[in-house]
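A structural walkthrough
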Amino acid sequence: DDAALLAAAVAWPGEPALRAAAADVQARGSAATAARAERLLGWLGCDGAARVEAWSEWTGEFLTKEGEPRADGAFVNKALATAAPDLLAAFADERARVVAVEDARRALAMAAVSAALATLAVPVAQGYAARMEASGRLDYDDLIGRTSGLLIDPGAAWVLYKLDGGIDHLLLDEVQDTAPAQWRIAHALTAEFFAGAGARETARTVFAVGDVKQSIYSFQGAEAAEFDRARALLRARVTGAGATWVERPLEVSFRSTAPVLDLVDRVFADPIAAAGVTEPGKLRHFADRAGQAGAVELWPLAPPPEETAPAPWTVPEQNHGQNSAPQRLAETLAGWLRARIGTLELPGRGRTLRAGDVMILVRRRNDFTRSLLRALKGAGVPVAGLDRMVLTEQPAVADLIALAEALLLPQDDLTFACYLTSPLGGLTDADLMALAPDRTGSLAEALRARAGEHAAWERAWAGFATLLARVDYASPHALLAEALGPLGGRARLFARLGAEAGEPVDELLAAALDYGRTHPPSLQGFLHWLRRSGAEVKREQEAAGEAVRILTVHGAKGLQAPLVILPDTTALPPADDQLLWAEDPASGAAVPLWSPRKEFRCAAGERLRQESAAKRREEHNRLLYVALTRAEDRLLVCGWAPRRRQPDTCWYEMVRRGFAALPATAAPFAAWEGEALSVESPQTEPPKESRAPAPAAPVPPPAWLGAAPDWRPAPPPPEPPRPQPLAPSRPEGVALGPVPAADSPLADWSATGGKTARFQRGRLLHALLQHLPAVAPAQRAAAARAWLARPGHGLTDPAAAELAAEVLAVLDHPDLAPLFGPDSRAEVPLSGVVGETVIGGLVDRLAVLPDRVLIADFKTNRRPPASPEETPVAYLRQMAAYRAVLAQVFPGREVRCTLIWTAAGRAMTLADALLDPHAPGA
C-alpha cells in the first residue's frame with residue numbers, strides 16, 4: 001500500500017552520495033541551487049516519520065507542479081557543473097528514483113480506484129443478469145455468449161457432431177466488423193470442414209467478404225487486427241487439409257466515378273491518413289464507371305462571423321440569432337442545395353439533382369447537425385431528419401412530457417406555464433403575461449378562476465381539467481391518446497411543429513404502450529422510466545424518399561448517394577481515456593483500469609492510453625475512407641474553422657493534402673474569403689439509367705389526419721349500422737308469430753324413467769334421414785330395419801317396421817329424391833351477409849343441381865301444421881334467409897326449400913310466393 005511504499009522510499013542506498021553532492025552545491029553553487037540544496041539537506045536531516053510527512057516537499061524539489069522532472073540546472077548551476085561534472089549524477093539518480101516512486105504511488109491509486117469501480121459495477125452487472133434471466137430475455141452479448149457456450153465449451157462435441165452433418169457452406173459477410181467473440185463461433189463451425197475425411201462425400205467451403213479499410217465498429221467489439229488473424233487461421237486450416245485457398249482483392253469500384261476514386265487514392269497516399277488503412281502509396285482504385293461525369297470539391301473553412309459588442313446599458317429588444325462558424329456553414333449549405341436541386345446536371349444519370357440524391361455525412365450528432373437540419377427546413381429543402389433521435393429531446397415529446405408533469409403536480413407554476421405556452425395549451429406569451437401577474441394562488445388556480453374571460457384560457461383549462469380528472473385512473477397511453485386525439489393535441493402540434501412531429505409522437509405512444517405491458521399504469525412511473533431509458537429512435541434512411549438524408553458515417557455504412565457532403569471535418573475524435581482495458585498476463589482476462597483524474601495516471605496506464613489513442617486515430621482514418629467512398633457522382637468536403645488551428649490529422653487537412661496532389665482547379669469562393677478547389681471529369685460515355693424512380697406527385701394525407709396549416713382532421717364518415725347476426729334455427733321475438741306447440745318437458749319422462757315414444761321416434765327419424773342416403777337404395781330397407789332393431793332403441797318390431805317405411809317413403813319421394821341422392825350433403829354449415837344482416841346456420845340437407853338448389857330442414861319435437869300456409873313465420877323467415885344466401889352463392893339457379901316434419905315423417909315444400917314476404921330486408 002501507499003504507506004509501505006513511502007516507508008521504503010525515505011531510506012535508500014544512494015542517500016550518502018546525494019547528501020555529499022547537496023553539501024557541495026550548498027557551499028559552491030549559485031544562490032538558487034544552494035537554497036535548493038539546503039532544503040534537501042534539511043529533509044535528509046529528519047527521521048523516517050518526518051520524511052514521510054514531508055514527502056510532498058521532497059518531490060516538489062525534483063518535480064514541477066505538473067509532475068514533470070525538473071531540468072538539470074535546477075540542481076547544479078552551469079558554472080559549477082563545468083567545474084565539477086560528477087555532482088549532477090547524484091541529483092539525476094534521485095530525480096529518476098522520485099519519478100519511479102511517484103509512478104508506483106499513482107499505480108497503487110489507480111488500482112484502488114479501479115477496484116472501487118469494480119466493487120460498484122459487479123453488483124449492477126449481476127443484478128442486470130438476474131433481471132434478464134428472470135424475464136427470459138437475452139441481449140446481443142447474451143446471444144453471442146450462449147452460442148459460444150454451445151460450440152466451444154468441452155461439452156459441445158455433440159452439438160458440433162450434429163451440425164457437422166448439416167452445414168456444408170459458411171458465408172461470412174462484413175468480416176472486418178466481426179468481433180473476436182463472433183470469430184470464435186465461426187472458427188468452431190468450420191473446424192471440422194478441413195479436419196479430414198467426413199462422413200459424407202461433400203466439399204465443404206467457406207466464403208468470407210470484408211474490407212479491413214472499412215473496420216469502423218470498434219465500439220461493438222470489432223478489431224481490425226482480428227481480420228488478419230482470422231484470415232491466417234482459415235488459410236492454415238485450408239492449406240493444411242490440401243484444399244484450395246483463394247484470395248481475391250477487389251480493386252474495382254462499381255459505385256464511384258473517377259474523380260472521387262482519384263481523390264481517395266491521393267488522400268491515403270499520405271502516411272498520416274494511411275495509418276490503419278493501408279500502406280502509404282499502396283492504395284489504388286479502378287473505376288468501373290469510366291467515362292461517367294463526376295466531380296469533387298473542397299470549400300475553404302467557414303470563418304467565425306465578426307462579433308459586435310453590444311452598447312453598454314442597452315436592453316435588447318429582440319433575441320439575437322445564432323452567430324457561429326458552424327451556423328454560417330449550415331446556412332450556406334442549405335442555400336447552396338436549394339439553388340442546385342433541380343438545376344445541377346448529373347450527366348452520368350441523364351437528369352438533374354434531386355433532394356433524394358443528397359446524403360450529408362457527419363461524424364457525430366451534435367449542435368451542428370441540428371443547426372443544419374433547421375437551416376435546410378428554413379430554406380425549403382426537403383429533409384428526412386436525423387438518422388437517430390433521442391425521444392425525450394424532441395420538441396413534441398417535450399411538450400407532452402410538460403403536460404404530463406403538470407397533471408401530476410398542477411401547483412408547479414413553471415411546468416404549468418410550459419404546458420400553457422406549448423401547442424397543447426395554445427396560449428401566447430402575451431396571454432400568459434395577462435394571466436400570471438398579481439395572482440394570489442398558483443397559476444393553475446388562476447386559470448381555473450378566470451377561464452371564462454378569454455376563449456383561449458377556457459380552451460386550455462377545459463383540456464387540462466379533462467385529463468386531470470382521469471390522471472389517477474387511466475394508463476399513460478390512454479391519457480396521451482386522449483390528449484392527442486379527442487382533445488386535438490396532435491393537430492396543434494402539427495400546426496406549430498410540422499408533420500415531422502408525427503414520428504416522435506407515435507414513438508412516445510408506442511413507448512407508453514410498451515411500458516403498460518410490464519409496469520403498473522402509473523404516469524409518474526412512466527415519466528421516470530422514459531427519462532432513465534434514454535430511448536433512441538432509429539430512422540431507416542434507405543426509405544427516406546425524395547428528401548435529403550443526414551446520417552453519421554457509421555449509419556451510412558452500406559449506403560451511397562449521387563452527391564455526398566462532408567461538413568464536419570475539422571475536429572478529432574474525443575479522447576475516451578478514463579477507462580482503459582488491459583489484459584491480465586496470468587489469466588488472459590480483460591481488466592478495467594480507471595483513471596478519472598491526473599493523479600491516477602501512471603506510466604503503465606499512459607502506455608495503454610497511447611495505444612488506445614493510436615487505435616482511435618486509425619479508426620478515425622478508416623471512417624474517412626468510408627465517408628469518401630459513399631459518393632457515386634459528386635463529393636463536397638467543407639468545414640468550419642476551429643478556435644485553434646486545425647490539426648494535421650483532421651479530415652479536412654488530410655483531404656486538402658489529397659487535393660494538393662491532384663490537378664485541382666482553384667476559384668474564388670463567394671460565401672466567404674478563400675478559394676474553392678475542384679476536380680471534374682467529362683461525360684464521354686452514354687449516361688446510365690438512373691436507379692432512382694421518377695419522383696411521384698406528393699400524396700395528400702388522408703382526411704382523418706388533416707392537412708396544413710391547421711391539421712384539423714375531417715370528421716369520420718358515419719358508421720353503417722352494426723350487422724346483427726341472425727341464427728335462423730333459433731328465432732327470437734314475438735313478432736315472428738307462434739311456433740308449433742311443444743309438449744311439456746315433464747312429459748318427456750315416463751313413470752318408469754324411460755323416454756316417451758314420441759320424441760324417441762323423432763330423433764330416430766332424423767338420424768335415418770341423415771345417414772340412409774349414403775346407403776345404396778336396394779339396401780336401405782334392410783339397413784333401416786337392422787338399425788332400428790337394436791335393443792338400445794327399445795322399439796317393437798311393428799313400430800320399427802312402421803318407422804322404416806315412413807323414412808323410405810320420404811327418401812323415395814320423386815320430388816325429394818335429389819335431396820338424398822349422391823350429389824347431396826348432410827349437415828352443411830351456411831353463412832353469408834344479405835343486406836346488413838349476417839346469416840349463419842346449419843342446413844340439414846343440401847343438394848346443388850345444375851339448374852336448381854334444394855335444401856331441407858328437419859323439424860323434430862314439434863306438431864306439424866296442416867298445410868304450408870300454416871307454417872310458422874319463424875320457420876318461413878329461416879328458410880327465406882337460407883334461400884337468400886344460397887341465391888348469392890349460386891346465382892341464376894332456383895332455390896327450392898322443404899321442411900321435413902319428423903314427427904309425421906312428412907315433407908312440406910315451401911313456394912317462393914310464401915317465402916318472399918319473409919326474405920331478409922323485405
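See the structure above.
Okay, so let's go over this structure. Just so you know, these numbers come straight off a predicted model, no measurement behind them.

1. Section: the overall build of the protein chain
A count of helical and extended segments in the protein chain gives 31 helices and 24 strands. Taken over the C-alpha trace, the protein chain has a radius of gyration of 44 Å; the compact-globule value for 922 residues is 29 Å, which it surpasses by more than 25%. Relative to its 922 residues, the protein chain shows a buried fraction of 40%. If you take every contact in the protein chain between residues at least 6 apart in sequence, the share linking residues at least 24 apart comes to 71%. When the accessible area of the protein chain is evaluated, it comes to approximately 49500 Å², of which 56% is carbon and sulfur surface. Computed over 97 positive and 111 negative side-chain charges, the separation of the two mean positions in the protein chain equals 2 Å.

2. Description of the nonpolar core
The nonpolar side chains of a soluble globular protein tend to be buried, and buried together. One finds Phe-416, Leu-420 and Phe-526 to be the most contacted residues of the largest nonpolar core, which totals 52 residues. For Phe-416, the contacting residues outside a window of four places in its chain are Ala-406, Pro-410, Leu-443, Ala-444, Leu-447 and Phe-464. In terms of nonpolar packing, the next biggest core, distinct from the first, is built from 40 residues, Leu-559, Leu-635, Val-655 and Phe-659 among them.

3. Things to note about the packing of aromatic side chains
Within this structure, the stated rule accounts for 21 aromatic pairs. Relative to Phe-62, the ring of Trp-58 has its centre 5.2 Å away and its plane inclined at 55 degrees; by these criteria the two rings are tilted. Of this pair, Trp-58 and Phe-62 are both found in helix 5 (residues 55-62), four residues apart, which corresponds to roughly one turn of the helix. In this structure Trp-58 comes out as buried when scored by relative accessible area, which is 1%. By relative accessible area, Phe-62 is classed as buried at 0%. Arranged with centres 5.9 Å apart and planes meeting at 40 degrees, the rings of Trp-461 and Phe-464 form a pair that is tilted. Of the two residues, Trp-461 and Phe-464 both sit in helix 20 (residues 455-468), three residues apart, roughly one turn of that helix. Judged by its relative accessible area of 17%, Trp-461 falls in the buried class. Taken together, the aromatic side chains of Trp-12, Trp-43, Trp-55, Trp-58, Phe-62, Phe-75 and Phe-91 make up a single cluster linked through ring pairs. Looking at Arg-36, its charged tip hangs above the ring of Phe-75, at a distance of 6.0 Å from the centre.

4. Concerning the sheet that holds strand 16 (residues 631-637)
As summarised here, the arrangement of the eight strands in space is 9-12-8-13-16-5-18-17, forming an open sheet in which the pairing is mixed. Edge positions in the sheet fall to strand 9 (383-386) and strand 17 (665-668), since each of these pairs with one other strand and no more. In this sheet, adjacent strand axes meet at a mean angle of 25 degrees when their direction is disregarded. Pairing between strand 5 (residues 294-298) and strand 18 (residues 675-681): five bridges, direction antiparallel. Across the sheet, the residue bridging to Ala-295 is Glu-680, located in strand 18. Relative to strand 5, helix 12 (residues 258-267) is tilted by about 45 degrees, and along the sheet it contacts strand 5, strand 16 and strand 18. In the packing of helix 14 (residues 325-340) onto the sheet, contacts are made with strand 5, strand 8 (358-362), strand 13 (561-566) and strand 16, and the angle to strand 13 comes to roughly 160 degrees.

5. Regarding the pattern of salt bridges
Per the stated rule, a full pass over the model turns up 40 salt bridges. Across the pair Glu-61 and Arg-36 runs a salt bridge, and its minimum N-O distance is 2.8 Å. Of this pair, Glu-61 sits in helix 5 while Arg-36 sits in helix 3 (residues 31-44), and the two are 25 residues apart along the sequence. Put simply, Glu-619 and Arg-622 hold a salt bridge, and the shortest N to O gap is 3.9 Å. Of this pair, Glu-619 and Arg-622 are both found in helix 25 (residues 603-628), three residues apart, which corresponds to roughly one turn of the helix. Residue Glu-619 is classed as buried on the basis of its relative accessible area, which comes to 13%. Each of Asp-228, Arg-231, Arg-235 and Glu-247 takes part in salt bridges that share partners, so that together they form one network.

6. As for the environment of Glu-174
With respect to the helices, strands and loops of the structure, Glu-174 is situated in the loop between strand 1 (169-172) and helix 10 (180-190). Along the backbone, Glu-174 and Gly-210 are 36 residues apart, and their C-alpha atoms lie at a distance of 4.7 Å. With residues up to four places along the chain from it excluded, the contact list for Glu-174 reads Val-209 and Lys-557.

7. Concerning empty space enclosed by the protein
Within the structure shown, the criterion is met by four cavities of 30 Å³ or more. The calculated volume of the second largest cavity comes to roughly 50 Å³. Taken together, Leu-400, Leu-403, Ala-404, Leu-407, Leu-467, Leu-479, Leu-480, Ala-483 and Leu-523 make up the full set of residues lining the second largest cavity. Taken together, the elements giving at least two residues each to the lining of the second largest cavity come down to helix 16 (395-408) and helix 21 (476-484). Here the lining of the second largest cavity is composed, by residue class, of nine nonpolar, no polar and no charged.

8. Concerning unusual backbone geometry
Non-glycine residue Asp-438 carries a positive phi angle of around 60 degrees. Topologically, Asp-438 is positioned in the loop between helix 18 (429-435) and helix 19 (443-450). Of note, the phi angle at Glu-827 is positive, near 50 degrees, even though the residue is not glycine. With respect to the helices and strands, the residue Glu-827 is situated in strand 20 (residues 824-834).

9. Focus: the pairing of strand 20
Sheet topology note: the strand 20/strand 21 (residues 837-848) ladder contains 10 bridges and is antiparallel. Looking across to strand 21, one finds that Ala-826 is bridged to Arg-845. Adjacent in sequence and paired antiparallel, strand 20 and strand 21 are bridged by two residues, among which Gly-835 carries a positive phi angle near 65 degrees.

10. Overview of the pairing of strand 1
Burial along strand 1 is one-sided: Leu-170 and Leu-172 are buried, and none of His-169 and Leu-171, which face the opposite way, are. Bridge analysis of strand 1 against strand 2 (residues 205-208) gives four bridges, and the strand direction is parallel. Paired with Leu-171 across the strands is Phe-207, a residue of strand 2.

About the criteria used
Residues numbered from 1 in each chain as written. Predicted model: local features only at pLDDT ≥ 70, side-chain atom pairs only at ≥ 80, totals over all residues. Heavy atoms only, no water. Helix = DSSP H or I, 4+ residues; strand = E, 2+ residues; numbered from the N terminus. Rg over C-alpha atoms; globule rule 2.2 N^0.38 Å. Buried < 20%, exposed > 50% of the residue type's maximum accessible area, 1.4 Å probe, protein only. Contact = heavy atoms within 4.5 Å. Areas by Shrake-Rupley, 256 points an atom, 1.4 Å probe, with all protein chains shown as cover. Lys, Arg positive; Asp, Glu negative; His and termini not counted. Charge placed at Lys NZ, Arg CZ, Asp CG, Glu CD. Core = buried A, V, L, I, M, F, W, Y, C linked by side-chain atoms within 4.5 Å. Phe/Tyr/Trp six-rings, centres within 6.5 Å; stacked < 30°, edge-to-face > 60°. Lys NZ or Arg CZ within 6 Å of the ring centre and 35° of its normal. Pairing = 2+ DSSP bridges. Axes fitted to C-alpha atoms, helices over the stretch in contact; angles between N-to-C directions. Salt bridge = Lys/Arg side-chain N within 4 Å of Asp/Glu carboxyl O. 1 Å grid on protein atoms, 1.4 Å probe; cavity = no way out; pocket = protein on both sides within 12 Å on 5 of 7 lines; lining within 4 Å. Points joined across faces, edges and corners; volume = space filled by probe spheres on them. Nonpolar A, V, L, I, M, F, W, Y, C, P; charged D, E, K, R; others polar.

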